[in-house]
Every structure is written in C-alpha cells, then in structure tokens.
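An overview of the molecular structure
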Amino acid sequence: MYKPLFSLTLLHKYCENSVNFNYSVVPDEETERLMAALDWITVSQSGGFQVAWNDRKWTELELREQFANEWMLFEIRPTDKALFFQVTDLPKPKKAEAQDQTENKKNVNSGIRALDSYRIDWQIQSEDLELSFLNVDAIPGLEELGEINSLPPVSELIIEPADKKPVNIRLARLYKSLKSEAAIVLSFPVADVLGELVGQNRNTRVQLNALAYRVKYYLLNRTPSERLSVVYPDHTFHSTIENISEGRAVQTFVSQRPLELKCKHKAYPSLVDTYRGRQNILIDCLPLPDSCNLAVHLDGENIPTTFAESFINE
C-alpha cells in the first residue's frame, strides 16, 4: 500500500495561488533506480508532485541503515514553458566580486552564459523553500551532488575541477541536460524526507512571484485636461502631456509602482473626470496588458523595468 512521503508544490501569484501550472518531473538515472529498489513512486499533482512509498517493502530501520545517505535528484520543467517564463519573476544571477575570482580556483569566463536554470534551496527545517539561480557552468567543477545546494548563485564564476579526481557521473549528466534545456533542480538526501517516523508526509512549497510591470496609457482621442485621472485600487497614476507625432499632444498616465500580472483581474483601472468634487466615470475598464504585451526598458541607471503601453482610442 502506497502512502505519501514527500510533496512539493509551486504556488504562483499569477494564478492567485490557485495552483494552475503543471510540471513534468524527471528523476535522474540513479534516483530512478533507487526509487525502483525502494518501491517508491512519483505522483503528478497540480502545481507539483508527490513521492509515495510502499510501507510493506522496507522497514523503517532498513531504510535508515541502508539508504539514508543516498541522494535524490529531480529536474522540474513547466509543461507550458512559454507562458511560465513570460509571467514569472525569476531570480536573477548575481555578478562575481573581484575577491571571489581567486578563491577556490574560481575565475571569470567571458563566454556565453549557460541556459538559465534554477534550483530549489533545500532547507531541512523549513516547509517553505526558495528558488535561486543555478550557475550551470560551475557544475563540472563540483565533486559531490550535494554541493549544488551550496553553490553561489553567481553567473560568471567557473569552478575548476580538481586535478586527478574522477568526474562525478551524475553531475556530468545533469550538466549536459541543463545545457540542452533549462530546468528547476531539486536535490536532497533520503534521510531528509524520512522524518521522525517513516510515513510522515512532508509537505514543502515554493512561492513563485508574478512578473511586475508599469503600465502607460495614451489618451489618443481626448483633449488633455487636469480633470482627467486614472483610478485603480491601491495604485496611483501620474499624468503628463507628451508629443507623439507631428507635434500632436496627448495626455498619458503612468503607474507609479509596478502591477503584478494576473491570469484574472478582480478590478480594472477606470478613466475618471472630476468636476467640483464629483467623479464621472468615462471609461469603466481600461485594458491591462496580457503576458505577450510587455517590453523591458532600461532606466538612466541601466536597471531593467518591465513596461506595457496601451493606446486608448475611445
């Protein structure tokens, strides 16, 4: 009889945490063989997966004595990759500091950066886990699988393999796989999911943030006026007059702080005319951009900001 042992759920704010994204979960060869020997199975769930165990196959003592130090490795990929990467605010790699370039045989590689992959930062004491950037190009220099969880999320550092030491086959396979296709990597020792008593289900989760953007409205067919404003709960829009073509002046409204992408919105911005303290709604629902109508612009300090422009013809 199979009982739940461990589960991972990736909550996403784009879906208002109603776990709508699905993922393919692929164990590496050694994990697959280990799970077959243990008679453990993976069960797909909305937003993640679960590992279940057969309590009649091994006793608790046998599991602890024979398999506690074995490592499991899973590659997790969203089934709808295009939408996932369009709407997810994924962690960015850090830049290498100069002092790090001479420590632990690390140096800077000026070549093309690897496909962006990520790792789930494994914490045995916490059910809430975090996602961080995985420096794929540093994997060949590691000696043990467990070193992935302590690898700094730096994009430019390469860890040189130690001389005359055998290559870790599991790491070599993982490196080749991630060079071909990006993934979210989860790795942990069997002991960490056995719990105080085998059969206690450990439920872990990762909170994924939706991409945030600033929206800019152009009022193409309305005469600019101080009476006009854009009203949206918990957000303020700044108004200005801009010349867009051939000296044509139009009124624009820009959100002062980013809005998060959502698959469904509970409310929409409204265009309002305020006269003598009374508000008259001119346009009840101004459009909010979907995930395909976004562009990244650099500000004066070269900081990327996701932006969306919407032209209003009413």
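Higher on the page you've got the structure.
Residues numbered from 1 in each chain as written. Predicted model: local features only at pLDDT ≥ 70, side-chain atom pairs only at ≥ 80, totals over all residues. Heavy atoms only, no water.

1. Thoughts on the pattern of salt bridges
Cut-off, in case you're wondering: Any Lys or Arg side-chain nitrogen found within 4 Å of a carboxyl oxygen on Asp or Glu counts as a salt bridge. Numbering goes from the N terminus for both helices and strands, where a helix is a DSSP run of H or I of at least four residues and a strand is a run of E of at least two.
Inspection of the entire model under this criterion finds 18 salt bridges. Two residues, Glu29 and Arg33, come together in a salt bridge whose shortest N-O distance is 3.9 Å. Of this pair, Glu29 and Arg33 both sit in helix α1 (residues 29-38), 4 residues apart, which is roughly one turn of that helix. A salt bridge links Lys179 to Asp137, with the nearest nitrogen and oxygen atoms 2.9 Å apart. On the criterion of sequence distance, the pair formed by Lys179 in helix α4 (residues 169-180) and Asp137 in the loop between β8 (128-134) and β9 (157-159) is long-range, its members being 42 residues apart. Three or more residues joined by partner-sharing salt bridges are found here, namely Asp28, Glu29, Glu30, Arg33, Arg170 and Arg173.

2. Some thoughts on the sheet that holds strand β4 (residues 48-54)
Worth spelling out the cut-off: Whether two strands pair depends on DSSP finding at least two bridges between them. The axes used here are C-alpha line fits, helices contributing only the stretch in contact, and every angle between their N-to-C directions lies in the interval 0 to 180 degrees. Working rule for contacts: check all heavy atoms of both residues, and any pair within 4.5 Å makes them a contact.
A sheet is described by the order of its strands in space; here 9 strands give the open sequence β2-β5-β10-β7-β8-β11-β1-β4-β3, paired in mixed fashion. The open sheet has two edge strands, β2 (23-27) and β3 (40-45), and neither has a second partner. Taking each pair of neighbouring strands and ignoring which way they run, the sheet shows an average axis angle of 25°. Examined bridge by bridge, β3 and β4 share 6 bridges and lie antiparallel to one another. Within β4, the position partnered with Gln45 by the bridge is Gly48. The strands that α1 touches are β2, β3, β4 and β5 (71-78); relative to β5, the one it contacts most, it runs at about 115°.

3. Examining the packing of aromatic side chains
Quick note on the threshold: Working definition: a ring pair exists when centres of Phe, Tyr or Trp rings (six-membered ring for Trp) sit within 6.5 Å. Plane angles under 30 degrees give stacked, over 60 give edge-to-face, the rest tilted. The classification of residues rests on relative accessible area computed with a 1.4 Å probe and restricted to protein chains. Under 20% of the type maximum is buried, over 50% is exposed, and intermediate values are partly exposed.
Evaluated as defined, the whole model comprises 14 aromatic pairs. Ring centres 6.3 Å apart and planes at 80° place the aromatic pair Tyr118 and Phe133 in the edge-to-face group. Placement of Tyr118 in strand β7 (residues 117-121) and of Phe133 in strand β8 is noted, with a sequence separation of 15 residues between them. No difference in accessibility class separates Tyr118 from Phe133, as the two residues are buried. An aromatic cluster is defined as three or more aromatic residues linked by ring pairs; in this entry it consists of Phe6, Phe49, Phe74, Trp122 and Phe188.

4. Describing α1
Every α-helix carries 3.6 residues per turn, so stepping three or four residues along brings you back to the same face. Rules: Throughout, the arc means that of the directions going from the helix axis to the C-beta atoms.
Along α1, the positions that sit buried rather than exposed are Glu30, Thr31, Leu34, Met35 and Leu38. The arc that holds the buried residues of α1, viewed along the axis, is 130°, so those residues lie on one side. Residues of α1 that are exposed and angled more than 90 degrees away from the buried face: Glu32, Arg33 and Ala36. Buried residues along α1 sit against β2, β3, β4, α2 (60-67), β5 and α4. Looking at the residues trailing α1, positive phi occurs at Asp39, about 60°.

5. So, α4
Stated precisely, the cut-off is as follows: One less than the number of residues in a helix, times 1.5 Å, gives the span that helix is expected to have. Any N or O atom pair separated by 3.5 Å or less is treated as a polar contact, with the protein-specific requirement of one donor-capable and one acceptor-capable atom, and with residues adjacent in sequence counted only for side-chain atom pairs.
With 12 residues, α4 ought to run about 16 Å at 1.5 Å a step, and its terminal C-alpha atoms sit 17 Å apart, in line with that. Of the surrounding elements, those touching the buried residues of α4 are α1, β5, β7, β8 and β10 (184-189). Structurally, the start of α4 carries an N-cap: the backbone nitrogen of Arg170 is 3.0 Å from a side-chain oxygen of Asn168.

6. Notes on the pairing of strand β20 (residues 304-312)
Where strand β12 (residues 212-219) and β20 come together, 6 bridges link them in parallel fashion. Residue Val215 lies in a different strand from β20, and its bridge partner there is Ala308. In terms of strand pairing, strand β19 (residues 295-298) meets β20 through 4 bridges, oriented antiparallel. Bridged to Ala295 within β20 is Phe307.

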